[in-house]
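An overview of the molecular structure
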Amino acid sequence: MEGAQLAIRLLNDRGYWVFVVTNQAGVARGYYEEADVQRLHRWINAELGKSGAQVDQFYYCPHHPEFDRDCDCRKPKPGMLLQAMKEWPIDLPGSFLIGDKSTDLEAAEHANITGHMFRSGDLHAAVAQVIGQNQID
Ligand SMILES: [Zn+2]
């Protein structure tokens, strides 16, 4: 996605922790394995590392209610966000979630953090706007 690496680098530089919270029901459906999801996440961080950016932690939900079981982590449930809040000393009022689906924003709402919809465009510009930096360099 355009601007993704710069967006994450900006957040890193500004002292934000960056988390990915992603539904990966393809695991429950048997399309791929959890090891594949983890490999993808390592690859993402390796690629980000080339521009000095990093995701601090990935959280994924491998479940789907129709294929294995109901769970507390599949968005719009807030389980992955609550897990991150348990594992990291997160400043909730200063935190936000960016997602491309209404279920993302619902998860944010359930976890009491601000959600922002972002479907297309320049993610770096969008993130800069969210964190109040209007001068984009
Ligand atoms: Zn789950």
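See the structure shown above.
Small disclaimer: the values here were computed from a predicted structure and weren't measured.

**Comments concerning the overall build of the chain**
In terms of helices and strands, the chain carries five helices and four strands. Written out in order from the N terminus, the α and β elements of the chain read α-β-α-β-α-β-α-β-α. The C-alpha radius of gyration computed for the chain amounts to 15 Å, which stays within 12% of the reference 14 Å derived for 137 residues, consistent with globular compactness. Dimensions of the chain along its principal axes, counting C-alpha atoms only, are 45 × 30 × 30 Å. The burial tally for the chain puts 20% of its 137 residues in the buried class. Summarising the internal contacts of the chain: among those between residues at least 6 apart in sequence, 60% fall at separations of at least 24.

**Quick word on helix 4 (residues 102–110)**
Residues of helix 4 that are buried include every one of Asp104, Ala107 and Ala108, and no others. For helix 4, the buried positions fall inside an angular range of 100° around the axis, keeping them on one side. Tucked into the core, helix 4 has its buried residues touching helix 3 (79–87), strand 3 (96–99) and strand 4 (114–117). Asn112 occupies a position one or two residues after helix 4 and carries a positive phi of about 65°.

**A word on the environment of Pro62**
Tracing the chain through its elements places Pro62 in the loop between strand 2 (57–61) and helix 3. By the C-beta count within 10 Å, which is 20 here, Pro62 ends up buried. With 13 residues separating them in the primary sequence, Pro62 and Gly49 have C-alpha atoms 26 Å apart. The residues contacting Pro62, other than those within four sequence positions of it, are Gln24, Val27, Ala28 and Glu34.

**Focus on the nonpolar core**
Counting residues in hydrophobic clusters, the biggest one holds eleven residues: Phe19, Val21, Tyr60, Cys61, Met80, Leu81, Ala84, Leu97, Ala107, Ala108 and Ala111. Elements that contribute at least two residues to this core include exactly strand 1 (19–23), strand 2, helix 3 and helix 4. Per-element tally for this core: the top contributor is helix 3, with three residues. When sequence neighbours within four positions are dropped, the list of residues in contact with Ala107 reads Lys75, Pro76, Lys77, Pro78 and Leu81.

Rules and cut-offs
Residues numbered from 1 in each chain as written. Predicted model: local features only at pLDDT ≥ 70, side-chain atom pairs only at ≥ 80, totals over all residues. Helix = DSSP H or I, 4+ residues; strand = E, 2+ residues; numbered from the N terminus. Rg over C-alpha atoms; globule rule 2.2 N^0.38 Å. Buried ≥ 20, exposed ≤ 12 C-beta atoms within 10 Å, placed from the backbone. Contact = placed C-beta atoms within 7 Å. Arc of directions from axis to C-beta. Core = buried A, V, L, I, M, F, W, Y, C linked by C-beta atoms within 7 Å.

This is a description of form; function is not addressed.
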